Amino acid sequence: LLWDDGLMQTVYDRDGFEIVRGVIPIDDFEPLRGRISDQVGLHAKQLLDEGKVDDLFEDLPFGKRLAALHAKNELPLRQWNEPFFGPELHALINHSGIAEALEPHLGSNVSFNGDYHLRPKLPDSERTAFPLHQDSQYYGQASRRAHIVTVWIPLVDVDETNGCLYVIPGSHEWELFGSARDELGNMRSFEDVEARGTPVPIPMALGDILLFSNMTFHGSKVNRSDGVRWSTDIRYIRTPGTYDAPDEVLASEKYMVDLLAKNGRHAPMVVRGDRSPSSFDQWKEQSELRQIEAKSRRSPSKTNSITGDKTS
């Protein structure tokens, strides 16, 4: 906590982000990393069947196997969400350490908003480098008054070599910058962001988490290591209907709830507070129903306006 003009504030309030060290015990990652490893194994067998590799690389560790499989054929993905969906993800979203870190910023009633991404940043992949951006540049102008906290979680140790995040302190207090997509679908601001603030790297160890808001500028560079920089980012909000706020804030946050539903994101769920949390089976059923409803509303010519490319 900090004191500013006699008022107590958090580092998150001041800078728009906060690093919380050692929140998740290392052993708690094993089921999650095991699920990812199983999915990489299935992917390896598919590549072998297709003649794209001649070795399954089964002896390589978690951070190296996918890189070896794609050393000669680029993996054209920046997110790998569906193989990640399971009880292990549900447990991470509901982790008590994450909820405790969020409570000072979102209050006692905290919910997952339905939006998450698993990021395999492969070595030397330009595709998985993300220019500095605000998440609300992807969500749209109507989201700028909402308060969405992204919890960015490395699944391996990260530093400037393998693609840690860079964040601009205090940028959450700036306006929403005008922007447009580049050829990779990344948002590029019309204004020179670094003329307004200096991005700082955020090295992190397995077990650390990084919190930042939808208005905070952040990004990452190319992974120059020989392993995959695995990470996940999960987004949280105040549970709708449990708080009072100015009308423009409530309208902005309702816009986000509606947008995520329209685009078939997974169902939101309470993680802490007065309402009962969902079991994994309940969450799965609600998510499948939501995706069916979204698909039925979407014509074949339309694309999802939330691309999954919002966060590095």
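Residues numbered from 1 in each chain as written. Predicted model: local features only at pLDDT ≥ 70, side-chain atom pairs only at ≥ 80, totals over all residues. Heavy atoms only, no water.

### Points about the overall build of the protein chain
Turning to step 1, where the next piece is worked out: What the protein chain contains, in helices and strands, is eight helices and 14 strands.
Turning to step 2, where the next piece is worked out: Taking 2.2 N^0.38 as the reference for a compact globule, 312 residues should give roughly 20 Å; the C-alpha atoms of the protein chain span a radius of gyration of 19 Å, in line with that estimate.
Turning to step 3, where the next piece is worked out: By principal-axis analysis of the C-alpha atoms, the protein chain measures approximately 65 × 45 × 45 Å.
Turning to step 4, where the next piece is worked out: Considering the protein chain as a whole, with its 312 residues, one finds that 54% of them fall into the buried category.
Turning to step 5, where the next piece is worked out: In the protein chain, once contacts between residues fewer than 6 apart in sequence are set aside, the share between residues at least 24 apart is 85%.
Turning to step 6, where the next piece is worked out: For the protein chain, the exposed surface amounts to about 14400 Å²; the carbon and sulfur share of it is 50%.
Turning to step 7, where the next piece is worked out: Each charge class in the protein chain was averaged separately, 35 positive and 48 negative side chains, and the resulting centres sit 6 Å apart. (Helix = DSSP H or I, 4+ residues; strand = E, 2+ residues; numbered from the N terminus. Rg over C-alpha atoms; globule rule 2.2 N^0.38 Å. Buried < 20%, exposed > 50% of the residue type's maximum accessible area, 1.4 Å probe, protein only. Contact = heavy atoms within 4.5 Å. Areas by Shrake-Rupley, 256 points an atom, 1.4 Å probe, with all protein chains shown as cover. Lys, Arg positive; Asp, Glu negative; His and termini not counted. Charge placed at Lys NZ, Arg CZ, Asp CG, Glu CD.)

### Thoughts on helix 5 (residues 96-106)
Turning to step 1, where the next piece is worked out: All of the buried residues along helix 5 are G97, I98, A99, A101, L102, H105 and L106.
Turning to step 2, where the next piece is worked out: One or two positions beyond helix 5, positive phi appears at G107, with a value near 90°.

### Thoughts on a negative patch on the surface
Turning to step 1, where the next piece is worked out: A grouping of D54, D55, E58 and D59 is seen on the molecular surface, where their side chains present a negatively charged patch.
Turning to step 2, where the next piece is worked out: Residue placement: D59 occurs in the loop between helix 2 (30-49) and helix 3 (65-69).
Turning to step 3, where the next piece is worked out: Under the relative-accessibility criterion, D59 is labelled exposed at 69%. (Patch = residues over 30% accessible without salt bridge, like charges linked within 9 Å, V, L, I, M, F, W, Y side chains within 5 Å. Salt bridge = Lys/Arg side-chain N within 4 Å of Asp/Glu carboxyl O.)

### Notes on the pattern of salt bridges
Turning to step 1, where the next piece is worked out: Under the defined criterion, the tally for this structure stands at 20 salt bridges.
Turning to step 2, where the next piece is worked out: For E103, the salt bridge goes to R272, with nearest N and O atoms at 2.9 Å. With E103 in helix 5 and R272 in strand 14 (residues 269-272), this pair connects stretches of sequence that are 169 residues apart.
Turning to step 3, where the next piece is worked out: With a shortest N-O distance of 3.7 Å, R235 and D135 are connected by a salt bridge. On the criterion of sequence distance, the pair formed by R235 in strand 13 (residues 229-238) and D135 in helix 6 (residues 135-139) is long-range, its members being 100 residues apart. Each member of the pair, R235 as well as D135, carries the same accessibility label: buried.

### Let's talk about the sheet that holds strand 7 (residues 165-167)
Turning to step 1, where the next piece is worked out: As summarised here, the arrangement of the four strands in space is 5-12-7-10, forming an open sheet in which the pairing is antiparallel. Two strands in the sheet have a free side with no partner beyond their single neighbour: strand 5 (130-133) and strand 10 (200-202). Within the sheet, the average angular offset between the axes of one strand and its neighbour, ignoring direction, is 30°.
Turning to step 2, where the next piece is worked out: Where strand 7 meets strand 12 (residues 218-220), three bridges bridge the pair, whose relative direction is antiparallel. Bridging across to strand 12, Y166 finds its partner in G219. (Pairing = 2+ DSSP bridges. Axes fitted to C-alpha atoms, helices over the stretch in contact; angles between N-to-C directions.)

### A few points about the side chain of H95
Turning to step 1, where the next piece is worked out: As for its position among the elements, H95 is in the loop between helix 4 (87-93) and helix 5.
Turning to step 2, where the next piece is worked out: Each residue touching H95, except ones within four places of it in the same chain, is listed here: V23, I24, P25 and D28.

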